[in-house]
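# Fold and geometry: a report
The lines below spell out each chain.
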Amino acid sequence: METLLTRSAKAVGGVVDDTQIEEKRDDGGGFAAFLRRFSNPAHFNSFFQHVTLAITTDGGWKEFTLMDQMHFITFLNDCFNSLENDMIREQVQHLIGLPIWECLLPERLEFELRRTGLKKKWVRLQKQDGKKSAGDLEEAKRQRWVMKRLLERFFSVLDGISGDAEELVDANRVSYCERFLDFIKDLESLLPTRRFFNTLLDDAHFVVRCMLSGLAQRSDKEGKLFTQLLDMLKFYTHFEINDLTGDAYTDQAFAELHYDRITSLQRAAFKHFPDLQEFALASVASVDTRESLLVYFSSLSREMLYTVAAHLHLVPAVVDKEGWSPDTLYTRDFLLEMLIWRNERRLSQLDALNIMPLYPTEEILWDENLVPEEYKTGGILALPKLNLQYLTMHDYLLRNLNLFRLESTYEIRSDVENCVSRMRPWMMEDGTIGFGGWARMSQPLVEFSVVEVASPELGIKAPRRVLADFSVQLNLRPEVKQEWENLRKHDVLFLVSVQPTNRTMPKGNVRRRDKNVSFVKQYGIKYIRGCEIEGMLNEEGHVVEEGQERPTFKTNKRTFRVSLDTNQYHADYEHMRDQAHDAEDIYSSFNLVMRRKPKENNFKAVLETIRDLMNTRCVVPEWLHDIFLGYGDPGQAEYSHELMQERFLSELDFKDTFLNMDHLRSCFKDSDIQCTASDKDLQVPPFRVSLPPVGSDEKTLVVEPYQLPNRGPYPYNKPKLNTVPFTPTQAKAILSGLQPGLTMVVGPPGTGKTDVAVQIISNLYHNFPDQRTLIVTHSNQALNQIFEKIMVLDIEERHLLRLGHGEEELETEKDFSRYGRVNFILQQRQELLNEVQRLQESINVGGDFSYTCETASHFFLYQVVARWEAYMSKIKASKAVEDIAGLFPFKKYFENAPQPVFKGESYESDLDIAEGCFRHIRKIFRQLEEYRALELLHRGRDRVNYLLVKEARIIAMTCTHAALRRTQLVKLGFKYDNVLMEEAGQILEVETFIPLMLQNPLDGHERLKRVILIGDHNQLPPVIKNMAFQKYSNMEQSLFTRFVRLGTPYIELDAQGRARPSLARLYSWRYKCLGDLPHVLEKKEFKLANPGFWFEYQLVNVEDYNGVGESEPDPHFFQNLAEAEYVVATYMYMRLQGYPAEQISILTTYNGQKHLIRDVLSQRCANNPVFGLPSKVTTVDRFQGQQNEYILLSLVRTKNIGHLRDVRRLVVAMSRARLGLYIFARVSLFQKCFELQATFKILTQRPVNLQLLPQEMFPPARPRPVQINQPKDGPAFEIAHMQQMCHYVTELYHKRMSKAQPGVRPLAAAVSVAVTET
């Protein structure tokens, strides 16, 4: 059994043979691959029992090495972090349930049962134990003691580490303690696992024993990671939550618990301990700090401290006999620390957050435990983790804030290292610091001084404001100088203090890093502090405000005013004060300033937004709260759930969703359709549909066709209708999106996610005129795609608003930005007033009623409505058809409409036309009434805010813009009812949450009615640059993916309309049931072959060139010259065959290869009009969400699979092409990869040498064979290798060009001599 366990534990821990790991790992991680071995849950149950038996058996456990024991801990931690798995949850619940309180001290058990009210439940458990057989009872008790035994084993290892820094320490012991602490931290951070375990942990005095351990005393070296993990554990053991109910404590409630604990201790002291009378009679505020408690308790003897602890049920009861003394475990220091730790006043989590600096400093930037440069799978770090569940909203936001801050820190560190190394600092002979290099993003400081430190606000220790001025000499190129002068308010800069020790100026353009010396020591970095631009100063010393004319300067010296982080400033000066005369003034030592690219420099604004959210009462909708934290029924927020019955809408207007009645019937095949109109000619859209009640067996849908009101006689009055024939699954998604609650739509590539999103938006717009919808996407491109489709539908342009940058990329001349919408409305107002004047003239009314919206309103009420009412009374009395046209009062006004306005066919039809004409007129005045406020608001900003808060009904922004502007939006009173998120699988957890919180709650309740998430968890997740945050902290998990993991119901679109069916087969295996839309089977473009190629897709093998395959000129900067040349040669061939350049995109899996391909293209094609450049050359990751007709894909790697092993990246790579996909790779490497076999088995059914048909020219004409994997006796020309392709393309070019243009210049050399290093 021991051999089996050891082998299994090693497999779980990841120390089996490396080749096995490479073959078995997938995007689900090593543990997921391990679980798949247990096809039968009974097998896993048996394995788990063996593991727990080994833990509880003294003899068996001692036979395992520390490494083996660590694998057991890793296995258990993975199990506790996978509670969504039913097989795992069934086993681990026995280890953490109420019965584990059997391990508590008897006195503590009685106290806890009384305190929590669980006495009756405990009695029932004892009765159940009495009914069990001896074997079952022994097994149950063994499982209850598993966690207690683990704690005891940990203490035995921890106690073996000496606190003497001179004594050598066993590295395996340290690693074991770190891993175990990480395990306990994870248990404490999940409500299901901490509910009863937290009491057991407290009873074992786990935190106190760790604090006093020898390893904790080595905090500067071996124990640094251990102490950081211990700090995180301290946070969670005293987390502000009721462990039993899961309710979060308010600050007041948590303070009251503390006061109750102190007063109960004072009462006990007064009654039983005369030596503590002074403590008992003092006020709580004077005795509850660590310092005060030390004063009162440090004078007590060891026996007296033990007696006090025993009275509090913290240690076993005192044995009343002469000569008794406490157990050797309970030393005086231990007892003293235990009493103080339990009773000291702690800074509230919110207060601790509010005094935390937001800018990273040198201590955090280069702390490898917090911001590791590289991460080895299975390593332990002092980082929070994002999993399925969170304790409270505060816990959720705090984890995300810390991770977002550290991810930003990692990027900032890269920028600092780049700038400082380029500046080449050195110490000159006079002791001053010189810079021998140059960097675009940094400049040496000429002067720096703090100019203002404002007094703190009441109750706050940090200054209210700290301002400083710094000067730089901008003797730079004009464009770089302009970049510095264009620094805007709130741009973030970093002040650096560099004090190198080298006495000679470094040579070379960029100094190379010495890998054996830390960057901080090599370049002498002392301090780094962040700051925020307030503005540039003019020569009089005044800040130049934004919008003011830029002043002229006599010299190149520029001075900027910045605001410093007040919390950091206060902490620095507290530290300098404590150090007295030995402390260096940090703020007088800065000699370098660094800026960053604006798009990468918004981290502080996002962090402030998260912190503001934590300081406000975040009200997540009741129907979403539990599932958001990961608890309760995963489907409780779906509209069909019984908890959503009160919100269920039994009748919906689907408007133009369905093209006709047959289309509607096909979308609801499982329902009985009853149409209220028996005449088939009347069964035309739009349709109102009455739905059966939720939970009933009724399947009848009552469909009511109705006619839209006549909007007027002009062609533009006709509504714009949907033309997309939605599939049944898409219709189901649209139905769900209209109902209140949470809607999740999984959209595989090309399945019309955007069409579904746009139709949901349109239907919400028409069904709920008083509601406002917020559209959020990850990228500007996706937002623009939605907007372009919305503009085609029947949505009034004045109700659309696009916030943030990127609207300039919209393929329309209309401006949907804030100021663009204001200008549009002002222009439309004038056009409408002109119509009022024309109407006034047509009915011969004098006066100037078309001057303002207000005068127009009077004109409508007293002139237009009066005439209309008189007209209606006359025709209703006469009932004559000719009177409708003859008496119509606005006949002259509609003379510019298509004639005749009135057809004279019937009374009803002409009356409908007359009413349509009046609706047209009434709409003019209604719009003018809405625009009336703009006449009273004269400032552009006020008009923009009015438009945002009152006028716009569909507001669109990226998730980044929402995070940056939340504070301003809330202050404006921004309100919305529905949120629709596209690309939800690519958005960070916290960036998904913030858009839900852009408004203040209404009467304590959230106004939000619908949350619609559309994405694909099978494609790439959010981009996280640091591997530790990505893998260890799971920061790449989006909210969309977490909901899917939790089991939240979702609708998966099941028909793609992007690619040829044969291309779709390369990735459709990843989805449940992905079919094809009819048009990819019927349209001509999909039926014709790609001219010049035998196959529409092909995997092309690329061997080494001159013995070199992949290369890595810089870390993680992979290139492959042979593939780059082959890809470019194929592109040139396609251009020679007549393919349009804009229909071809070149993709690769690495940035290094992207730059290499661009270099080869610039050499071969850029200056030759015959070739030109392709539509895009980019990475697969950057191309997600985009498509093109033909894709050339380079996979680069020839030694290891690399990150293409992530199947999600493979899905994206295979799904970008519509008509042609040609993949260049080392076939022998990729076809062996276990995770990629489903795709590469299909690819390798065809020849791996490129098959060409050079006699064919674009456009396509040859019918594509139904299924041919081998060119049998065909005219295909086979290319054996890259050199042949390059040579062939060169010959083909000269052959064709010589015919077209005699004397054409020769083509550039076919194959590059050396790899261009970028």
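The paragraphs below set out a description of the structure included in this document. Remember, predicted model here, so these are calculated numbers, not experimental data. Residue numbers run consecutively from 1 along every chain, following the written order of its sequence. In keeping with the model being predicted, local features are shown solely for residues with a pLDDT of at least 70 and side-chain atom pairs are shown and tallied solely at 80 or more, while totals for entire chains, interfaces and linings include all residues. Calculation of side-chain values draws on the structure's entire complement of heavy atoms; hydrogens and water are dropped beforehand.

Each helix corresponds to a stretch of at least 4 residues labelled H or I by DSSP, and each strand to a stretch of at least 2 residues labelled E; elements are numbered beginning at the N terminus. On a plain count of helices and strands, the protein chain comes out with 53 helices and 31 strands. Over its C-alpha atoms the protein chain spans a radius of gyration of 36 Å, differing by no more than 12% from the 34 Å that the globule rule assigns to 1318 residues. Here the C-alpha coordinates of the protein chain stretch approximately 120 × 85 × 85 Å along the principal axes. Partly exposed describes any residue whose relative accessible area lies between the buried limit of under 20% and the exposed limit of over 50%, with all areas from a 1.4 Å probe on protein chains only and scaled to the type maximum. Within the protein chain, the fraction of its 1318 residues that count as buried is 55%. Within the protein chain, counting contacts between residues at least 6 apart in sequence, those at least 24 apart form 76% of the total. With residues, only the protein chains shown are counted as cover, and all accessible areas are computed by Shrake-Rupley using a 1.4 Å probe. Of the accessible surface of the protein chain, which amounts to about 58900 Å², a share of 50% is contributed by carbon and sulfur atoms. We treat Lys and Arg as the positive residues and Asp and Glu as the negative residues; His and chain ends play no part in the count. Note that the charge is assigned to NZ on lysines, CZ on arginines, CG on aspartates and CD on glutamates. Mean positive and mean negative side-chain charge positions of the protein chain (162 and 175 charges, respectively) differ by 3 Å. Based on C-alpha atoms, the radius of gyration is set beside the globule rule, defined as 2.2 Å times the residue count to the power 0.38. For this analysis, residues touch if any pair of their heavy atoms sits within 4.5 Å.

Only when DSSP finds a minimum of two bridges between them are two strands counted as paired. Here we have seven strands laid out as an open sheet, ordered S16-S17-S15-S18-S19-S14-S20, and parallel in their pairing. Of all strands in the sheet, those bounded by a partner on one side alone are strand S16 (800-802) and strand S20 (1051-1052). Direction of pairing for strand S14 (residues 741-746) relative to S20: parallel, over a ladder of two bridges. In the strand pairing of S20, Val-745 is matched with Ile-1051. All axes here are fitted lines through C-alpha atoms, helices being fitted over the stretch that makes contact, and every angle between N-to-C directions spans 0 to 180 degrees. Sheet strands touched by helix H30 (residues 622-629): S14 and strand S19 (1010-1015). Its angle to S14, the strand with the most contacts, is close to 50°. On top of the sheet, helix H41 (residues 959-972) reaches strand S15 (773-777) and strand S17 (954-958); it is set at about 115° to S17, its chief contact.

Here we take up the nonpolar core. By convention a nonpolar core is built from buried Ala, Val, Leu, Ile, Met, Phe, Trp, Tyr and Cys residues, the set being connected through side-chain atoms within 4.5 Å. Counting residues in hydrophobic clusters, the biggest one holds 247 residues, and the most contacted among them are Phe-206, Phe-297 and Phe-890. Among the elements that make up this core, the one with the highest residue count is helix H25 (residues 393-423) (14 residues). In contact with Phe-206, not counting residues within four places along its chain, are Leu-151, Phe-154, Phe-155, Phe-180, Leu-181, Ile-184, Leu-201 and Leu-233. Grouped together as the second largest cluster of nonpolar side chains are 48 residues, Phe-654, Phe-768, Phe-787 and Leu-800 included.

With that settled, consider helix H45 (residues 1061-1068). In terms of burial, H45 is a largely internal element, seven of the eight residues being buried. Within H45, burial applies to Pro-1061, Ser-1062, Leu-1063, Ala-1064, Leu-1066, Tyr-1067 and Ser-1068.

All right, on to the packing of helix H12 (residues 171-188) against helix H13 (residues 191-203) then. Two packed helices can be described by the angle between their axes and the distance between those axes. The interhelical angle for the contact between H12 and H13, taken along N-to-C directions, is 125°, at an axis separation of 8 Å. One element, H12, and the other, H13, form an angle in the oblique class. In contact with Ile-184, Asp-186, Leu-187 and Glu-188 of H12, H13 contributes Thr-193, Arg-194, Phe-197, Asn-198 and Leu-201. For the contact of H12 with H13, the per-class residue count stands at four nonpolar, two polar and three charged. By definition in this entry, angles of less than 35 degrees are roughly parallel, angles greater than 145 are roughly antiparallel, angles of 65 to 115 are roughly perpendicular, and the rest are oblique. The classification used treats Ala, Val, Leu, Ile, Met, Phe, Trp, Tyr, Cys and Pro as nonpolar, Asp, Glu, Lys and Arg as charged, and all other residues, Gly among them, as polar.

What follows is about the sheet that holds strand S13 (residues 700-705). Taken in spatial order, the four strands line up as S10-S12-S13-S11 in an open sheet, and their pairing is mixed. Of all the strands in the sheet, the pair left with one neighbour each is strand S10 (651-655) and strand S11 (672-675). On average, adjacent strands in this sheet sit at an angle of 25° to one another, irrespective of strand direction. Note that strand S12 (residues 687-690) and S13 share four bridges and pair antiparallel. Looking at S13, one finds that Ser-690 is bridged to Val-702.

The next subject is the packing of aromatic side chains. A pair of aromatic rings is counted whenever rings of Phe, Tyr or Trp (Trp by its six-membered ring) have centres within 6.5 Å, and the orientation is called stacked for planes under 30 degrees apart, edge-to-face for over 60 and tilted otherwise. For the structure on display, the rule yields 69 aromatic pairs. When the ring of Phe-48 is compared with that of Phe-75, the centres are 6.0 Å apart and the planes differ by 50°; the resulting orientation is tilted. Of this pair, Phe-48 sits in helix H4 (residues 41-56) while Phe-75 sits in helix H6 (residues 66-80), placing them 27 residues apart in sequence. Here Phe-48 and Phe-75 have matching classes, each one buried.

With respect to the element layout, Val-792 can be found in the loop between helix H34 (780-790) and S16. Given the relative accessible area of 52%, Val-792 is considered exposed. Separated by 71 residues in sequence, Val-792 and Leu-721 place their C-alpha atoms 8.3 Å apart.

Right, let's talk about the side chain of Ser-1215 for a bit. With respect to the helices, strands and loops of the structure, Ser-1215 is situated in the loop between helix H50 (1207-1214) and strand S29 (1217-1225). From its side chain, Ser-1215 meets the backbone oxygen of Val-1211 in a polar contact 2.7 Å long. Here a polar contact is taken to be a pair of N or O atoms separated by no more than 3.5 Å, where protein atoms must pair a possible hydrogen donor with a possible acceptor and residues adjacent in sequence count only if both atoms sit in side chains. Among the polar contacts listed, one links the side chain of Ser-1215 to the side chain of Arg-1216, at a separation of 2.6 Å. Filtering out sequence-adjacent residues up to four positions away, Ser-1215 remains in contact with Pro-749, Arg-1058 and Tyr-1067.

Taking 1.5 Å as the rise per residue, helix H29 (residues 603-615) with 13 residues should run 18 Å; its terminal C-alpha atoms sit 18 Å apart, in good agreement. Along H29, the residues classified as buried are Phe-603, Lys-604, Val-606, Leu-607, Thr-609, Ile-610, Arg-611, Leu-613 and Met-614. Here the expected span of a helix is defined as 1.5 Å times the quantity of residues minus one.

The subject of this paragraph is the state of the cysteines. The definition used for a disulfide is geometric: two cysteine sulfur atoms within 2.5 Å. Enumeration according to the criterion identifies zero disulfides in this entry. With no disulfide of its own, Cys-1165 lies closest to Cys-1286 among cysteine sulfurs, the gap being 11 Å. For Cys-1165, a relative accessible area of 0% puts it in the buried group.

So, about the pattern of salt bridges. A pairing counts as a salt bridge when a side-chain nitrogen of Lys or Arg comes within 4 Å of a carboxyl oxygen of Asp or Glu. Overall, the coordinates contain 75 salt bridges when judged by the stated rule. When the shortest N-O distance is used, the salt bridge between Glu-84 and Arg-1045 registers 3.0 Å. Of the two residues, Glu-84 is situated in the loop between H6 and helix H7 (86-96) and Arg-1045 in helix H44 (residues 1039-1046); the sequence distance between them amounts to 961 residues. Here Glu-84 falls in the partly exposed class, since its relative accessible area comes to 30%. Exposure remark for Arg-1045: the relative accessible area of 28% places this residue in the partly exposed category. Of the charged contacts in the structure, one is a salt bridge between Glu-479 and Arg-477, with a shortest N-O distance of 2.9 Å. Arg-477 gets classed as partly exposed once you look at its relative accessible area, which sits at 41%. Three or more residues joined by partner-sharing salt bridges are found here, namely Arg-108, Glu-112, Arg-115, Asp-202, Asp-203 and Arg-342.

Remark: helix H35 (residues 818-842) packs on helix H38 (residues 907-930), axes separated minimally by 10 Å, with the N-to-C direction vectors making an angle of 135°. Looking at the two axes, H35 sits oblique to H38. Between H35 and H38 the crossing geometry is left-handed. Only Ile-921, Ile-924, Phe-925, Gln-927 and Leu-928 of H38 make contact with H35, whose side of the interface consists of Gln-828, Arg-829, Leu-832, Leu-833, Glu-835, Val-836 and Leu-839. Grouping the constituent residues of the contact of H35 with H38 by class yields eight nonpolar, two polar and two charged. Take the far helix as the reference: if the near one is turned anticlockwise from it by less than a right angle, the crossing is left-handed, and if turned clockwise, right-handed.

Relative to the helices and strands, Arg-108 is located in helix H8 (residues 106-116). The contacts of Arg-108, once residues within four sequence positions are left out, are Thr-199, Asp-202, Asp-203, His-313, Leu-314 and Arg-342.

That is the geometry; function is a separate question.
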